[in-house]
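A look at the structure
Residues per chain, in single letters:
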Amino acid sequence: MARLKLTLTMDSGARIGPGKAALLGSVRSSGSISAAARAMGMDYKRAWLLVDSLNRAFDTPVVERATGGSGGGGAILTPFGKDLLARYRKLEARAAKMAAADLEAIEEHAVPDPGPKI
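My aim in this report is to walk through the structure given alongside it, one point at a time. Please read all numbers here as calculations on a predicted model, not as lab measurements. (Residues numbered from 1 in each chain as written. Predicted model: local features only at pLDDT ≥ 70, side-chain atom pairs only at ≥ 80, totals over all residues. Heavy atoms only, no water.)

**A short note on the pattern of salt bridges**
Taken as a whole and assessed by the stated rule, the structure comprises three salt bridges. One salt bridge connects R87 with D83, and the closest N-O pair in it is separated by 2.9 Å. In this pair, R87 and D83 are both assigned in helix α4 (residues 79-107), four residues apart and thus about one turn of the helix distant. Close ionic contact of R89 with E92 constitutes a salt bridge, the shortest N to O distance being 2.8 Å. Residue R89 and its partner E92 are located together in helix α4, separated by three residues, close to a single helical turn. We classify E92 as partly exposed; its relative accessible area is 24%. (Salt bridge = Lys/Arg side-chain N within 4 Å of Asp/Glu carboxyl O. Helix = DSSP H or I, 4+ residues; strand = E, 2+ residues; numbered from the N terminus. Buried < 20%, exposed > 50% of the residue type's maximum accessible area, 1.4 Å probe, protein only.)

**Brief notes about the environment of K97**
As for its position among the elements, K97 is in helix α4. Classification of K97 by relative accessible area gives exposed; the value is 71%.

**Brief notes about the packing of aromatic side chains**
Counted under the stated rule, the structure contains one aromatic pair. If you follow R65 out to its NZ or CZ, it ends over the ring of W48, 5.3 Å from the centre. (Phe/Tyr/Trp six-rings, centres within 6.5 Å; stacked < 30°, edge-to-face > 60°. Lys NZ or Arg CZ within 6 Å of the ring centre and 35° of its normal.)

**Examining the pairing of strand β4 (residues 74-77)**
The two faces of β4 differ: A75 and L77 on one face are buried, but G74 and I76 on the other face are not. Across four bridges, strand β3 (residues 63-66) lies against β4 in antiparallel orientation. Paired with R65 across the strands is A75, a residue of β4. (Pairing = 2+ DSSP bridges.)

And the structure:
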């Protein structure tokens, strides 16, 4: 089935799409940028750059470092980060629902293997 991928682009050019949303979800569940990166098969530097780009895109941080504890620090989604992720997921679900009939109609004409994806 054809599917829709939602990317939000701010006036500044900053973006949040499926990858950054997945990274935020992974940070939320793991409590760590490095653990989130490992879970997604991504290196830490890439994950940190993506998180940093989100933090720079808004006037309120999306992810903050959590300090202390016997296991060291970690990272948490801020209240704004949680809200951003929830709103992105809501928009994603609404867009998919609105597009379902059109995607189905388009998919009816798609061939199973069109060759190389360019």
